[in-house]
Amino acid sequence: MMEELAALAQWHNLRFMAEGLYITLRISLLTIVFSFLLGTVLGIMRYSGHRLLTPLAAVYIESFRASPLILLILLFRFTMPLKPVNSGTLAMTLFTAAIVGEIVRGGLNSVDKGQWEAARSQGFTWWQTMRYIVLPQALRKMIPPLTGQFITVVKDTSYVWVVGVQELTGKGVIILGQHGSTIQFFAIFGMIGLIYYLLCLGLNRLGLWQEQRMSWLTM
Amino acid sequence: MDRFAAFKWQALFRDWHILLEGLGRTASTAGLALLLSLALGVVFGVLATSPWRSGRAVSRLYVSLIQNTPLVTQVFFLYYALPHFDLVLPTPAVGVLGLGVYHGAYISEVVRAGIQAIHRGQLEAALSQGFTYVQAMRYVILPQAGQIVLPPMTNQAVALIKNSSILAMISGGDLMFQADSWSASTGYYGPAYLTVWAIYFAICFPLAQLARRWEERVRLSRGGEVSAA
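Because the structure is a prediction, the values reported are computed rather than measured.

A. Structural context of the packing of aromatic side chains. A full pass over the atoms with the stated rule returns 22 aromatic pairs over all chains. Note on F185(A) and F77(B): the rings are 5.4 Å apart at their centroids and 15° apart in plane angle, and the pair reads as stacked. Here F185(A), found in helix α9 (residues 182–213), pairs with F77(B), found in helix α4 (residues 71–81), and the two come from separate chains. Residue F185(A) is classed as buried on the basis of its relative accessible area of 0%. Overall, F77(B) belongs to the partly exposed group, its relative accessible area being 29%. Its end group placed over the ring of F16(A), K171(A) keeps NZ or CZ at 4.0 Å from the ring centre.

B. Fine view of the pattern of salt bridges. Taken as a whole and judged by the stated rule, the model has eight salt bridges over all chains. With a shortest N-O distance of 3.4 Å, K171(A) and E19(A) are connected by a salt bridge. Here the residue K171(A) occupies a position in helix α8 (residues 168–178), and E19(A) occupies one in helix α2 (residues 11–48), the gap between them amounting to 152 residues. Accessibility expressed as a relative area gives 5% for K171(A), which makes it buried. Relative accessible area serves as the criterion here: at 37%, E19(A) is assigned to the partly exposed category. In this structure, the salt-bridge partner of E62(A) is R212(B), at a minimum N-O distance of 3.3 Å. Of this pair, E62(A) sits in helix α3 (residues 53–65) while R212(B) sits in helix α9 (residues 189–221), which puts the two residues in different chains. For E62(A), a relative accessible area of 8% translates into the label buried. Look at R212(B) and you get partly exposed, because its relative accessible area is 27%. Among the charged side chains, a network of salt bridges with common partners joins R46(A), E62(A), R65(A), E102(A), R105(A) and R212(B).

C. Looking closely at the nonpolar core. Judged by nonpolar contacts, the single largest core of 104 residues is most densely connected at L108(A), Y159(A) and M176(B). When residues of this core are assigned to their parent elements, the largest contribution, 12 residues, is made by helix α5 (residues 84–109) of chain A. Apart from residues no more than four positions distant in its own chain, Y159(A) is found in contact with L69(A), I70(A), I73(A), L71(B), V72(B), N163(B), I166(B) and M169(B). Counting residues in hydrophobic clusters, the runner-up holds 16 residues, among them I115(B), L123(B), M137(B) and I148(B).

D. A look at the interface of chain A and chain B. Taken together, the contact between chain A and chain B spans 38 residues of the former and 39 residues of the latter. Interface area for chain A against chain B, summed over the two sides, is near 3300 Å², with a carbon-plus-sulfur share of 71%. Of all residues in chain A, L71(A), K155(A) and Y159(A) give up the largest surface area on contact with chain B, accounting jointly for 17% of the area buried on that side. Remark: the boundary between chain A and chain B carries two salt bridges. Along the contact surface separating chain A from chain B lie 11 residue pairs in polar contact (both at pLDDT 80 or more). Of all the secondary-structure elements, those providing two or more residues to the side of chain A that touches chain B are α3, α4 (69–79), α5, α7 (126–156), α8 and α9 of chain A. No other element matches α9(A), which puts 10 residues into the side of chain A that touches chain B. Considering only residue class, the side of chain A that touches chain B consists of 23 nonpolar, nine polar and six charged.

E. Geometry of the environment of L176(A). With respect to the secondary-structure elements, L176(A) resides in helix α8. As for L176(A) and F189(A), which are separated by 13 residues in sequence, their C-alpha atoms are 9.3 Å apart. When residues no more than four places from it in sequence are discounted, the contact partners of L176(A) are F185(A), I188(A), F189(A) and Y80(B).

How each quantity is defined
- Residues numbered from 1 in each chain as written.
- Chains lettered and ligands numbered in written order.
- Predicted model: local features only at pLDDT ≥ 70, side-chain atom pairs only at ≥ 80, totals over all residues.
- Heavy atoms only, no water.
- Phe/Tyr/Trp six-rings, centres within 6.5 Å; stacked < 30°, edge-to-face > 60°.
- Helix = DSSP H or I, 4+ residues; strand = E, 2+ residues; numbered from the N terminus.
- Buried < 20%, exposed > 50% of the residue type's maximum accessible area, 1.4 Å probe, protein only.
- Lys NZ or Arg CZ within 6 Å of the ring centre and 35° of its normal.
- Salt bridge = Lys/Arg side-chain N within 4 Å of Asp/Glu carboxyl O.
- Core = buried A, V, L, I, M, F, W, Y, C linked by side-chain atoms within 4.5 Å.
- Contact = heavy atoms within 4.5 Å.
- Buried area = accessible area lost by both parts, 1.4 Å probe.
- Polar contact = N/O pair within 3.5 Å; in protein donor to acceptor, adjacent residues only side chain to side chain.
- Nonpolar A, V, L, I, M, F, W, Y, C, P; charged D, E, K, R; others polar.

So, to be careful, I would describe these as geometric facts and stop short of saying anything about function.
Encoded structure:
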């Protein structure tokens, strides 16, 4: 039993897994940053009540939200001239942006309408009111659901293994090919599970901390 | 755009039964997984609010382990673990098990929040009338919590249906897998994937709208903020 674990814990295996972790982290980070930007734009568009922008954002959000992520990853892989890791990241970003858009809209809706009237009566333009008054207050309300969604992003990176991108889970499955005894199997999956668990827990803490930091925005 | 050329669509519609088989597999898998996740969700959700300390701990452990690791990893774990115990299950059964356990953790949180939204006085009143804890849950608390949890539960059902596409990763013969293997053999990815998208949309969009409408109704009928999501 110890020999089996020793065979597994060799330097090249550990480095192999670390490469997977790096890919998982990179896809997660890119997806979180860009889906947050795009999602904020979509949420504001849908909230704005604009004759053109609102239905446009609604169609985008509902079409992406109703699709399984795995379908988007496959679709982008086979219809776009991109490397699988990039088409996968793009699919994840566009998918997550739809959900972030709904979170942003929910946050904006939760801000009291009186804030608009007050700001507009003071001579703020629509955009200034959004930028300086409403959006900052909405942001604090959005942090818990956003944290939850970004945790989901980290977990969802495992879907890109379907197009052969060797992220954490993919690397584990590959190593399993050479080290497939019962104890090795549990060691591999135990380690992968632990890494995801710690990443998710860390993100959760980050969300709580950020929420606390912004508590001065409470109305 | 020749990726979506007309003859490719024709080829797809000639082989429509392949997608239909996949849809059947998706429906049966999602249906069974939903039943399993409801059962697990109610049991662990009630445990989480029980006066029994180790029950609460077990429920917390289940929820945190399952919610903080990916579904893909969990399903692969099951898929590769079972043979180590001389258990051979057909892949759809692995899917039902994996999806049921995963969404059970989310549904248990929904149930817990629903129970906690019912005023504590209700439980005390029922207990003082001679109900046992289980009876009070069964006849007093859960029926009232039901109305509150219906919208988030529907959202979970939508998520489960979408997540059942995980079967494609273990050759489970579901809609996604059928479309994927058909397009791998023909090379006509565009039409197959778009059709599958339309099918998922036709199922998930109305359900999500329904959940949204129920949510609005619950909010109005309870006259204030209710958060069971």
